[in-house]
Amino acid sequence: MLRRLTLLLILAAAPALAQTTAIRAGHVIDPATGRVSDNQIILVKDGKIAAIGSSVAIPTGAEIVDLSRSWILPGLMDAHTHLTLWLTPGDTDSDISALYLKESTGLRALRGLRSTQDVLSAGFTTVRDLGNAGEYGDTDLRVAIERGWFPGPTVVNAGKIITPFGGQSKGIPPGMGRFWRFEYLDADTPEEMRKAVRQNIFYGAKVIKLAADSSPYYYTEEEIRAAVEEAHRSGLAVAVHVYGGPAATAAIRAGVDSIEHGFQLSDEQLQLMKEKGIYLVGTDAPFSQLKITGTAGGIFPPPDQNARDILDRLKRANRIGVKMAFGTDVVLELPGRSRVELMLEFLDVWIEAGIPPAKILQCMTSNAAELLRVQNERGSLSAGKAADIIAVGENPLERIMALRRVHFVMKDGKIIKRPQ
């Protein structure tokens, strides 16, 4: 009896045998090249792609997923999200800074959990979360997913946004105190910038986010360079919220990794970004959404102007050849419309700008993977890489809107969504 009990305990403690999954893939897309390979077998084991090709043998006992009539591609990526933040029309920048009065960081982390599961089900297997998560709720969210407590995308999180004094607020009476520090870190010298970067890294940030021009005063090249040096020394990229003008020039010359928004970038600034290999994450929102958010308490330009600037800048960036990654910045909660639906509406602007579907798909996969520094593990389908795989019913290289109907999602080898 004792021997039998001991054997049962050993079996219970032993790791489960790895399940091999074989995907019969009708059309496999390599977004980096636009090449399509037909009638492929993708073997998945231990969360990674073990083999892929037309003559790969399917092992006995493997689970077989038939996607022989589908278009298969790497999971999508959104390089600019705020997963723990939902706003309603009319909210302002001060409302964002004072969210701690309404919601705990724990509640916001739970909202982020819901958001990650929604975007994962829609095919976004990797996201970069750029702040507004209270007291590092984004780190807690990332860690919970990485520990396997909940399904979710790979999250590259920023911690608190670093800004010149005042966060992204305006017109706050001195007697109110620095309440924005629940969302932001003040840094006004190169030394303070280095300290803020270190604090974020200490509390679990995987990317550093600066807001360079939310006030009449803005960061100098020297100040931004200090953040870049400190972040790069720890292997982290630097993303900068900036629209244009001297603040954007300072960020570009300082060698940041991405410009976020950049609505008013000049051709000269875009050319310099191209020369330095700096990514543009344009958060190219459709007018229908800009009209609802308005100026967001002064953070954004007026909707009419903003829509024109976005379309013009996107066309010019594409013509000049700036590296681009898809990012949405969706934070609205609207009745009857999901976060994912709002994210995918951004594709309308890319189409209007005349950007070919193949390039859009590249910006949502391989380009974004390079920016997020995960290109060695994700962003393409090849042996040894993470099994982040999605499927759609139409060829997205011909019709990018096919991405609105993802019918299969696999994340790190686990099937999240199956064809109905």
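Residues numbered from 1 in each chain as written. Predicted model: local features only at pLDDT ≥ 70, side-chain atom pairs only at ≥ 80, totals over all residues. Heavy atoms only, no water.

### Points about the overall build of the protein chain
Logical step 1: In terms of helices and strands, the protein chain carries 14 helices and 16 strands.
Logical step 2: Taking 22 Å as the expected radius of gyration for a compact globule of 420 residues, we find that the protein chain reaches 22 Å, a close match to that expectation.
Logical step 3: A burial count over the protein chain gives 55% of its 420 residues as buried.
Logical step 4: Excluding contacts between residues fewer than 6 apart, the proportion of contacts in the protein chain whose partners are at least 24 apart in sequence is 70%.
Logical step 5: Roughly 17,900 Å² of accessible area belongs to the protein chain as shown, and the carbon and sulfur atoms make up 54% of that amount.
Logical step 6: Looking at charge distribution, the protein chain has the averaged site of its 48 positive side-chain charges lying 5 Å from that of its 48 negative ones. (Helix = DSSP H or I, 4+ residues; strand = E, 2+ residues; numbered from the N terminus. Rg over C-alpha atoms; globule rule 2.2 N^0.38 Å. Buried < 20%, exposed > 50% of the residue type's maximum accessible area, 1.4 Å probe, protein only. Contact = heavy atoms within 4.5 Å. Areas by Shrake-Rupley, 256 points an atom, 1.4 Å probe, with all protein chains shown as cover. Lys, Arg positive; Asp, Glu negative; His and termini not counted. Charge placed at Lys NZ, Arg CZ, Asp CG, Glu CD.)

### Comments concerning the pattern of salt bridges
Logical step 1: Overall, the coordinates contain 26 salt bridges when judged by the stated rule.
Logical step 2: With its nearest N and O atoms 3.1 Å apart, the salt bridge here joins arginine 194 to glutamate 230. Remark: glutamate 230 occurs in helix H6 (residues 221–233) and arginine 194 occurs in helix H5 (residues 190–202); sequence separation between them is 36 residues.
Logical step 3: Where salt bridges share partners, they join Arg194, Arg198, Glu229, Glu230 and Arg233 into one cluster. (Salt bridge = Lys/Arg side-chain N within 4 Å of Asp/Glu carboxyl O.)

### With respect to the confidence of the model for the protein chain
Logical step 1: Per-residue confidence for the protein chain averages 92 on the pLDDT scale, and 93% of its residues sit at or above 70.
Logical step 2: Long-range and interchain partners of residues 1–17, a stretch whose pLDDT sits below 50, account for zero contacts in this model, where long-range means more than four residues apart. (pLDDT = per-residue confidence, 0-100.)

### Some words on the side chain of threonine 154
Logical step 1: Within the secondary structure, threonine 154 is located in strand E7 (residues 154–157).
Logical step 2: For threonine 154, a relative accessible area of 17% gives the class buried.
Logical step 3: Contact partners of threonine 154, with chain neighbours within four places excluded, come to Thr125, Thr126, Val127, Arg378 and Lys411.

### So, the sheet that holds strand E2 (residues 35–45)
Logical step 1: One open sheet holds the seven strands; their spatial order is E3-E2-E1-E4-E14-E15-E16, and the pairing between them is mixed. Strands with a single pairing partner mark the edges of an open sheet, and in this sheet they are strand E3 (48–53) and strand E16 (414–417). For this sheet the average axis-to-axis angle between neighbouring strands, irrespective of direction, equals 35°.
Logical step 2: Where strand E1 (residues 21–30) meets strand E4 (residues 63–74), seven bridges bridge the pair, whose relative direction is parallel. Its bridge partner lying in E4, arginine 24 is registered against aspartate 66. (Pairing = 2+ DSSP bridges. Axes fitted to C-alpha atoms, helices over the stretch in contact; angles between N-to-C directions.)

### Re the pairing of E16
Logical step 1: Sheet topology note: the strand E15 (residues 406–411)/E16 ladder contains three bridges and is antiparallel. What sits directly across from methionine 410, in E16, is isoleucine 415.

### Here's the deal with empty space enclosed by the protein
Logical step 1: Under the counting rule described, the total for this entry stands at two cavities of 30 Å³ or more.
Logical step 2: Forming the boundary of the second largest cavity are Asp78, Thr81, His82, Leu83, Thr328, Val330, Arg339 and Met343.
Logical step 3: Those elements giving two or more residues to the lining of the second largest cavity turn out to be strand E5 (76–81) and helix H11 (339–344).
Logical step 4: In terms of residue class, the lining of the second largest cavity is made up of three nonpolar, three polar and two charged. (1 Å grid on protein atoms, 1.4 Å probe; cavity = no way out; pocket = protein on both sides within 12 Å on 5 of 7 lines; lining within 4 Å. Points joined across faces, edges and corners; volume = space filled by probe spheres on them. Nonpolar A, V, L, I, M, F, W, Y, C, P; charged D, E, K, R; others polar.)

### Some words on the nonpolar core
Logical step 1: Formed by 86 residues in total, the largest nonpolar core has its most connected members in Ile162, Leu210, Ile224, Val256, Ile259 and Met273.
Logical step 2: Excluding residues within four positions of it along the chain, isoleucine 224 makes contact with Met193, Leu210, Tyr219, Ala250, Ala251, Ala254 and Val256.
Logical step 3: Ranked by size, the runner-up nonpolar core spans 16 residues in total, among them Leu130, Val156, Ala237 and Val281. (Core = buried A, V, L, I, M, F, W, Y, C linked by side-chain atoms within 4.5 Å.)

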